[in-house]
Amino acid sequence: MEDFTYNQTLIENTLETIKNDPTNIENYFLLGKLYIVQNEYDKALRTYEEILKINPSDVQALVNAGSLYFFFEDYRCAVKHYLIASEFEPESYSIYFNL
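Residues numbered from 1 in each chain as written. Predicted model: local features only at pLDDT ≥ 70, side-chain atom pairs only at ≥ 80, totals over all residues. Heavy atoms only, no water.

(A) Spotlight on the nonpolar core. Tyr48 and Ile51 are the most contacted members of the largest nonpolar core, which totals 25 residues. For this core, the secondary structure elements donating two or more residues are helix 1 (2-20), helix 2 (25-37), helix 3 (41-54), helix 4 (59-71) and helix 5 (75-88). When residues in this core are grouped by element, the largest group, seven residues, is from helix 4. Excluding anything up to four places from it in sequence, isoleucine 51 contacts Ile25, Tyr28, Phe29, Asp58 and Ala61. (Core = buried A, V, L, I, M, F, W, Y, C linked by side-chain atoms within 4.5 Å. Buried < 20%, exposed > 50% of the residue type's maximum accessible area, 1.4 Å probe, protein only. Helix = DSSP H or I, 4+ residues; strand = E, 2+ residues; numbered from the N terminus. Contact = heavy atoms within 4.5 Å.)

This is the structure:
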């Protein structure tokens, strides 16, 4: 329970930070990771999609979103995100590993 409360506080603080600086992508990545730790995968996915609204070519956000779409068994969206990521980093083995 203590970890949950601690993570919940971190999430709230990160949301506040994003509110004050909505273009700082690093804060979104932190938020996405915190949601994953809390098993809130739908919120994590929405967070990575927010990053892609700011920077559609962010490869890590594309791969993370693709992995979450795969988790949700939305394979079409997962492959789409991985393929877009591969256009920006064609030499990245981690992208092809996920495909």
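(B) Quick look at a nonpolar patch on the surface. Residues Val79, Leu83, Tyr96 and Leu99 make up a contiguous nonpolar surface patch of roughly 350 Å² in combined accessible area. Tracing the sequence through the fold places valine 79 in helix 5. Look at valine 79 and you get partly exposed, because its relative accessible area is 37%. (Patch = residues over 30% accessible without salt bridge, like charges linked within 9 Å, V, L, I, M, F, W, Y side chains within 5 Å. Areas by Shrake-Rupley, 256 points an atom, 1.4 Å probe, with all protein chains shown as cover. Salt bridge = Lys/Arg side-chain N within 4 Å of Asp/Glu carboxyl O.)

(C) Spotlight on the packing of aromatic side chains. Under the defined criterion, the tally for this structure stands at four aromatic pairs. Seen from their ring centres, phenylalanine 71 and phenylalanine 72 are 5.3 Å apart, and the 75° between their planes marks the pair as edge-to-face. According to the relative accessible area criterion, phenylalanine 72 is partly exposed, its value standing at 38%. Joined through ring pairs, the aromatic side chains of Tyr41, Phe71 and Phe72 make up one cluster. (Phe/Tyr/Trp six-rings, centres within 6.5 Å; stacked < 30°, edge-to-face > 60°.)

(D) Representation of the side chain of asparagine 64. With respect to the helices and strands, the residue asparagine 64 is situated in helix 4. Assessed through its relative accessible area of 18%, asparagine 64 is described here as buried. Side-chain polar atoms of asparagine 64 contact the side chain of glutamine 60, separated by 2.6 Å. What asparagine 64 contacts, discounting residues up to four positions off in sequence, is Phe29 and Tyr48. (Polar contact = N/O pair within 3.5 Å; in protein donor to acceptor, adjacent residues only side chain to side chain.)

(E) Broad picture of the pattern of salt bridges. Inspection of every chain in the model, using the stated rule, returns three salt bridges. We note a salt bridge from lysine 43 to glutamate 40, for which the minimum N-O separation is 2.9 Å. The class of glutamate 40 is buried, set by a relative accessible area of 16%. Lysine 53 is paired through a salt bridge with glutamate 50; the nearest N and O atoms lie 3.0 Å apart. With lysine 53 and glutamate 50 both in helix 3, this residue pair falls three residues apart, about one helical turn.

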